[in-house]
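# Structure at a glance
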Amino acid sequence: MAFLAKLFGKKKDNEPAEEALVEEEGLTPEEEAAAEAAEAALLNGEDASDMPSAEETAAIEEIEEIEEIEKTEEIEEIEKTEEIEEIEEIEEPEEIEETATKQSFWGRLKSGLTKTRTALFSPVDSLLKAFAKVDEDLLEELEEILISADVGFAATEEIMDELRERIKDGRLKEKEQVMVALREIMADMIGESEPLQLTTTPSVLLVIGVNGAGKTTSIGKISKRLRLQGKKVVVAAADTFRAAAIDQLAVWCERAKVDMVRQNEGSDPAAVVFDAIAAAKKKQADVLIIDTAGRLQNKKNLMNELAKIDRVIDRELPGAARETLLVLDATTGQNAVSQAKEFSNAAKITGITLNKLDGTAKGGIIISIKRELGIPVKFIGVGEKIDDMQEFDAEDFISALFGE
C-alpha cells in the first residue's frame, strides 16, 4: 500500500477524493505515470476506488514482463535457427565448389590438350585417309608422328611393337582399328591413377623441382585442393635460397587459406622444416607441405639439403607417411624427362606434378615419363588459376587426349 500512500497521502473521513491527491517528490517514473492516470480518472469523475491496487498493478506488470521474456526467447530461438541455417549455407558451397571445380576442370582439360590432340591425332587422321590398308609404310609414318608429339623414343618403340604384334595375330586388320588400338595401348602404358598416400597425421609432402617449373604455384593449388577435402594444411617455406620465393609462397598460401611457417631469406631450410613440424603438431594438421630450393645445377648441394631435411623429418615425425613430388613443366618436353632422371638421383620421387599442359603440344610426355621412369603422374595443371590443377585421372586424360 506504500504506493497508494505516496499517491493519495492520508485522507480524513468524508474528505473528497479530489483533495486527497498530493504531489510527492521522489516518485518513480512508473508511479508518476500511475498518478497521472489516477488524476485523469478523478477529473473525469471516476472514483479512485476503481483504480487498480498496488498488488494488482504489480501483478499486471509481472504478467507483462513474463510475456516480454517469452517473446524475447522466441525471437532468440528464431535467430538461432536462422544462424544455424546460415552456417550450413556457408559450409555447403565448399562441397559444391569441389564438384564444380572438378566439372569445370574436365572442360579445361579437354581444351588444354587441344594442342597435343591436334599435333598427334590430326596427322594420324590424315595418315589413315592416305593409306588403303595397314602396312609397314603406315606404321613408319605413325612412328614419326608419335615422336614429334613427345611421346618419346622408348615409349614410341613400345607402342609400335605392340601394333605390329596385333597385326601379326590378326587383332589389327583395318586402318579404322588403328586409333582404337592406340588408345588401348596408351591407356595400358599410363596405368591406373595413383592418388597421394596421406595415411598419417600429419603426413608429409616434399615438393621439389627447378625454378620456373611452377613449384610455388603448384603448392598453392594442391594446398587448396587438400583444404577443400577437409584437411588442415601447414606449408613450410624452406626455399630460402631464391630471392622472393618466401613472399611468393605466402601469396599463394593466403589464396589457398592455409597456414605457412617461414623464416628470413637465407635461413637454414632444415630449421624452417623443424619449426613447421612443431607448428603442424600444435595445430594437429593433416598434411605438412614442404617447399624446397630447386638447385639442380648444383646437385651436390641439393642432395645435401634434402638429406638434412630428411633427417629432421625422420627424427621429429618418425613413421609419418611421406610423398616426394617433382614439379615439371610440360612445355620443356623431353627435357622434363631429363630433369626427372637427375632429381631421381637426389631424392626418392613418388609422384610427378605436370604443369602447363595447356601451353604445349607435348602432352605425350606423360606416357614417356611413366614408361622411362616408372614414376606416376599425380597432378596435372592446365592454367595459372588456383583451381587449374587436379589429381591426375588416367581415364579422363586419355578421353580428353582422344577428344571423347
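Everything below is about the structure shown above.
Remember, it's a predicted structure, so these values are computed and weren't measured experimentally.

Conventions and cut-offs
Residues numbered from 1 in each chain as written. Predicted model: local features only at pLDDT ≥ 70, side-chain atom pairs only at ≥ 80, totals over all residues. Heavy atoms only, no water. Phe/Tyr/Trp six-rings, centres within 6.5 Å; stacked < 30°, edge-to-face > 60°. Buried < 20%, exposed > 50% of the residue type's maximum accessible area, 1.4 Å probe, protein only. Lys NZ or Arg CZ within 6 Å of the ring centre and 35° of its normal. Salt bridge = Lys/Arg side-chain N within 4 Å of Asp/Glu carboxyl O. Helix = DSSP H or I, 4+ residues; strand = E, 2+ residues; numbered from the N terminus. Pairing = 2+ DSSP bridges. Axes fitted to C-alpha atoms, helices over the stretch in contact; angles between N-to-C directions. Contact = heavy atoms within 4.5 Å. 1 Å grid on protein atoms, 1.4 Å probe; cavity = no way out; pocket = protein on both sides within 12 Å on 5 of 7 lines; lining within 4 Å. Points joined across faces, edges and corners; volume = space filled by probe spheres on them. Nonpolar A, V, L, I, M, F, W, Y, C, P; charged D, E, K, R; others polar. Core = buried A, V, L, I, M, F, W, Y, C linked by side-chain atoms within 4.5 Å. Patch = residues over 30% accessible without salt bridge, like charges linked within 9 Å, V, L, I, M, F, W, Y side chains within 5 Å. Areas by Shrake-Rupley, 256 points an atom, 1.4 Å probe, with all protein chains shown as cover. Lys, Arg positive; Asp, Glu negative; His and termini not counted. Charge placed at Lys NZ, Arg CZ, Asp CG, Glu CD. Parallel < 35°, antiparallel > 145°, perpendicular 65-115°, else oblique. Left-handed = near helix turned anticlockwise from the far one by under 90°. Expected span 1.5 Å × (residues − 1).

On to the packing of aromatic side chains, then. Under the counting rule described, the total for this entry stands at 1 aromatic pair. Taking 5.5 Å as the distance between ring centres and 55° as the angle between the ring planes, the aromatic pair formed by F392 and F397 counts as tilted. For F392, a relative accessible area of 6% translates into the label buried. Of the residues examined, F397 reaches a relative accessible area of 0% and is grouped as buried. Over the ring of W252 we find R255; its NZ or CZ atom is 4.5 Å from the centre of that ring.

Let's shift gears to the pattern of salt bridges. Tallying each qualifying case throughout the model produces 21 salt bridges. A salt bridge links D310 to R322, with the shortest nitrogen-to-oxygen separation between them at 2.5 Å. Of this pair, D310 sits in helix α12 (residues 299-316) while R322 sits in strand β5 (residues 322-329), and the two are 12 residues apart along the sequence. When its relative accessible area of 32% is taken as the criterion, R322 is described as partly exposed.

Attention now goes to the sheet that holds strand β8 (residues 389-391). On the basis of which strands lie adjacent, the open sheet formed by 8 strands has the order β3-β2-β4-β1-β5-β6-β7-β8 and mixed pairing. Every interior strand has two partners, whereas the edge strands, β3 (259-261) and β8, have only one. Averaged over all pairs of adjacent strands, the angle between strand axes in this sheet comes to 25°, irrespective of strand direction. Sitting on the sheet, helix α10 (residues 245-256) is in contact with β2 (233-237), β3 and β4 (287-291), with an inclination near 170° to β2. Sheet contacts for helix α11 (residues 269-283): β2, β3 and β4; angle to β2, the most-contacted strand, approximately 165°.

Summed over the entire model, instances satisfying the criterion amount to 2 cavities of 30 Å³ or more. Reported here for the largest cavity is a volume of approximately 70 Å³. Looking at the largest cavity, the residues that line it are I190, G191, E192, S193, E194, I366, K370, I375, P376, V377, F392 and A394.

Further remarks concern the layout of surface pockets. Computed from the structure, the second largest pocket encloses a volume of approximately 210 Å³. Here the element with the most residues in the lining of the second largest pocket is helix α9 (residues 215-228); it accounts for 4 residues. Looking at the lining of the second largest pocket residue by residue, the class counts come to 2 nonpolar, 9 polar and 6 charged.

Counting 106 residues, the largest nonpolar core has L163, L182, M186, I289 and L354 as the members making the most contacts within it. Of all the elements, helix α8 (residues 178-190) adds the most residues to this core, at 8 residues. When neighbours within four sequence positions are excluded, L163 is seen to be in contact with L139, L142, L172, A181, L182 and I185.

Bringing a negative patch on the surface into the picture now. Where like charges cluster on the molecular surface, the negative patch consists of D137, E140, E141 and E144. Within the secondary structure, E144 is located in helix α6 (residues 136-148). Of the residues examined, E144 reaches a relative accessible area of 59% and is grouped as exposed.

With 5 of 5 residues buried, strand β7 (residues 377-381) lies mostly within the body of the structure. Sheet analysis places strand β6 (residues 351-355) next to β7, joined by 3 bridges and oriented parallel. Bridge assignment links L354 to a residue of β7, and that residue is I380.

Moving on, we get to the packing of α8 against helix α14 (residues 365-373). Remark: α8 packs on α14, axes separated minimally by 9 Å, with the N-to-C direction vectors making an angle of 50°. It follows from the interaxial angle that α8 and α14 lie oblique. α14 is crossed by α8, and the crossing has left-handed handedness. For the pair formed by α8 and α14, the contact residues are M186, M189 and I190 on the first element and I366, I367, K370 and R371 on the second. Each residue belonging to the contact of α8 with α14 can be placed in one class, and the counts come to 5 nonpolar, no polar and 2 charged.

Each full turn of the α-helix corresponds to 3.6 residues, which orients residues three or four apart in the same direction. Relative to the 18 Å expected for 13 residues at 1.5 Å per residue, α6 spans 19 Å between its end C-alpha atoms, a close match to the ideal helical length. Contacts made by the buried residues of α6 are with α5 (114-130), α7 (153-168) and α8.

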